Amino acid sequence: MVDSPPMTAAEAQARRASVQKRLAQVEEEIVRLRRELATLGVDQRLPGLYLTVEVAGTTALLPVEAVMEVVRLVAIEPLPAALPHVRGTMLYRGTPAVVVDLAAMLGVRREPDLDAHLVICGGARTVAVLVDRVRDLVESPVLVEGSVSGESTHAWDGTGLMAGLCRTPEGIRPLLRASAILAVPEGA
């Protein structure tokens with residue numbers, strides 16, 4: 001067996017961009033399929049587990065398959081000239097991780113409480129998603145069109161992060177697209 005030469009930084013970045021693009025396409029297809037499923041009848045359950053996260057006074061669901069671990073807030077090293085929603089970097093088990101602040105993606109600027117959580121997500125690279133807290137796990141939530149109260153807008157609507165709405169025992173919650181959260185450009 002012949003060892004292949006190591007990738008250059010440019011090749012690794014191009015490969016990472018390709019994988020992120022394919023992941024985004026797969027998630028877009030999942031969103032389309034979930035919408036189609038919702039039109040086929042009432043009480044269509046989504047398979048799997050979903051983590052409920054609280055951010056800036058609102059809650060949302062994040063697919064567990066994107067989550068590696070949930071940890072308490074740790075020291076974050078700021079990144080100069082980073083995007084507004086990129087808080088900086090941290091070390092996760094010896095690996096650098098970019099910290100993405102979901103509240104900033106909602107347009108809320110605040111300092112997180114000391115009891116905030118970091119949801120560690122794997123992918124092309126490790127991303128730590130900063131949330132106010134992790135609440136619970138929801139199994140097989142029901143996909144719905146709109147909200148029970150007739151509300152048509154949610155805090156998440158304009159972010160491009162929402163894949164749909166789910167009814168849970170605690171009420172209607174947005175379902176977040178993991179690929180949109182994890183798509184942090186290199187050098188952000």
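Quick caveat, the model's predicted, so the values are computed rather than measured.

**Structural notes on the overall build of the chain**
Secondary structure summary: the chain contains 3 helices and 12 strands in total. In the chain, of all internal contacts separated by at least 6 residues, the share reaching a separation of at least 24 is 62%. Counting every atom, the chain has about 10,500 Å² of accessible surface; 55% of that belongs to carbon and sulfur.

**Points about unusual backbone geometry**
Even without being a glycine, Ala56 presents a positive backbone phi close to 50 degrees. You can see Ala56 is positioned in the loop between β2 (49–55) and β3 (58–63). Positive phi, close to 60 degrees, is recorded for Ala81, a residue that is not glycine. Along the chain, Ala81 falls in the loop between β4 (67–72) and β5 (86–92).

**Focus: the sheet that holds β4**
Ordered in space as β4-β7-β8-β6-β5, the 5 strands form an open sheet in which the pairing is mixed. Taken across any chain shown, the strands that pair with only one partner, and hence form the sheet edges, are β4 and β5. Each strand of the sheet is rotated relative to its neighbour by a mean of 30 degrees, with strand direction disregarded. Pairing between strand β7 (residues 117–121) and strand β8 (residues 127–131): 5 bridges, direction antiparallel. Note on β8: the bridge partner recorded for Cys121 is Val127.

**Topic: the nonpolar core**
As a rule of thumb, nonpolar side chains are buried together in soluble globular proteins. Among the nonpolar cores identified, the biggest contains 24 residues, and Val55, Leu102, Val119, Val129, Trp156, Leu176 and Ile181 are the most heavily contacted of them. Taken together, the elements giving at least two residues each to this core come down to β2, β3, β6 (95–101), α2 (102–105), β7, β8 and α3 (178–182). Not counting residues within four places of it along the chain, the set of residues in contact with Leu102 comprises Val55, Val129, Leu130, Val131, Trp156, Leu161, Leu176 and Ile181. Counting 10 residues, the second-largest nonpolar core is a separate cluster that includes Met90, Val99, Ile120 and Ala128.

Conventions and cut-offs
- Residues numbered from 1 in each chain as written.
- Predicted model: local features only at pLDDT ≥ 70, side-chain atom pairs only at ≥ 80, totals over all residues.
- Heavy atoms only, no water.
- Helix = DSSP H or I, 4+ residues; strand = E, 2+ residues; numbered from the N terminus.
- Contact = heavy atoms within 4.5 Å.
- Areas by Shrake-Rupley, 256 points an atom, 1.4 Å probe, with all protein chains shown as cover.
- Pairing = 2+ DSSP bridges.
- Axes fitted to C-alpha atoms, helices over the stretch in contact; angles between N-to-C directions.
- Core = buried A, V, L, I, M, F, W, Y, C linked by side-chain atoms within 4.5 Å.
- Buried < 20%, exposed > 50% of the residue type's maximum accessible area, 1.4 Å probe, protein only.

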